[in-house]
Amino acid sequence: MSDEEKYEHNALGQRVDALLRRYDAPANGEADVPVLTEVVDDAPAQRPPAVNAAALEALARELERAVLERLGPEVDRVIEEKLTRTLSGVLGQSVEGMRVELNQSVTQMVREAVAASVARTLAPPDSKPE
């Protein structure tokens, strides 16, 4: 069965075709305008019952607990990442400062040791300690 044959056997398809044929060629030569025929009740929608203050407070506490329960691990992770980055930066600066300071100290100690060795080597033989 083709799609067109299935459409023709479909009750909804037949009703749509009939409606289209009705508006394609109006009987009196004037175009009909389709109108909404469903009657809508204008009665105001029923309001839900009022919530008392105690129930509202309990709901707020439960909502707060649920939000904190879900956000807690994420907040901890973000704080840990921030702390790690900050400590890594501070530690890197401290290590660099210590490296510079140690380099200066070692350079000064080598200079002093070389100067003392040169001074001993160049000193007259009678002033050398035995």
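Shown above is the structure to which this text applies.
Structural notes, computed from the coordinates. (Residues numbered from 1 in each chain as written. Predicted model: local features only at pLDDT ≥ 70, side-chain atom pairs only at ≥ 80, totals over all residues. Heavy atoms only, no water.)

## Structural notes on the overall build of the chain
Here is the rule we go by: Strands here are runs of E lasting at least two residues and helices are runs of H or I lasting at least four, both read from the DSSP assignment and numbered beginning at the N terminus. Each residue is placed in one exposure class: buried if its accessible area under a 1.4 Å probe, protein chains only, is under 20% of its type's maximum, exposed if it is over 50%, and partly exposed if it falls in between. Note that accessible areas follow from Shrake-Rupley with a 1.4 Å probe, and for residues the cover is restricted to the protein chains shown.
Of the regular secondary structure elements, the chain holds three helices and zero strands. Listing each helix as α and each strand as β along the chain from the N terminus yields α-α-α. Buried residues in the chain amount to 1% of all 130 residues. When the accessible area of the chain is evaluated, it comes to approximately 12,500 Å², of which 60% is carbon and sulfur surface.

## Examining the pattern of salt bridges
Put simply, the rule reads: Whenever Lys or Arg places a side-chain nitrogen within 4 Å of a carboxyl oxygen from Asp or Glu, that contact is recorded as a salt bridge.
As enumerated under the stated definition, the model contains six salt bridges in all. Between Glu69 and Arg65 there is a salt bridge, with the nearest N and O atoms lying 2.6 Å from each other. Note that Glu69 and Arg65 are positioned in helix H3 (residues 53-122) at a spacing of four residues, about one turn of the helix. Where Arg99 meets Glu96, a salt bridge forms, and the shortest distance between an N and an O atom there is 2.6 Å. In this pair, Arg99 and Glu96 both sit in helix H3, three residues apart, roughly one turn of the helix. Via salt bridges that share partners, Glu62, Arg65 and Glu69 belong to a single interconnected network.

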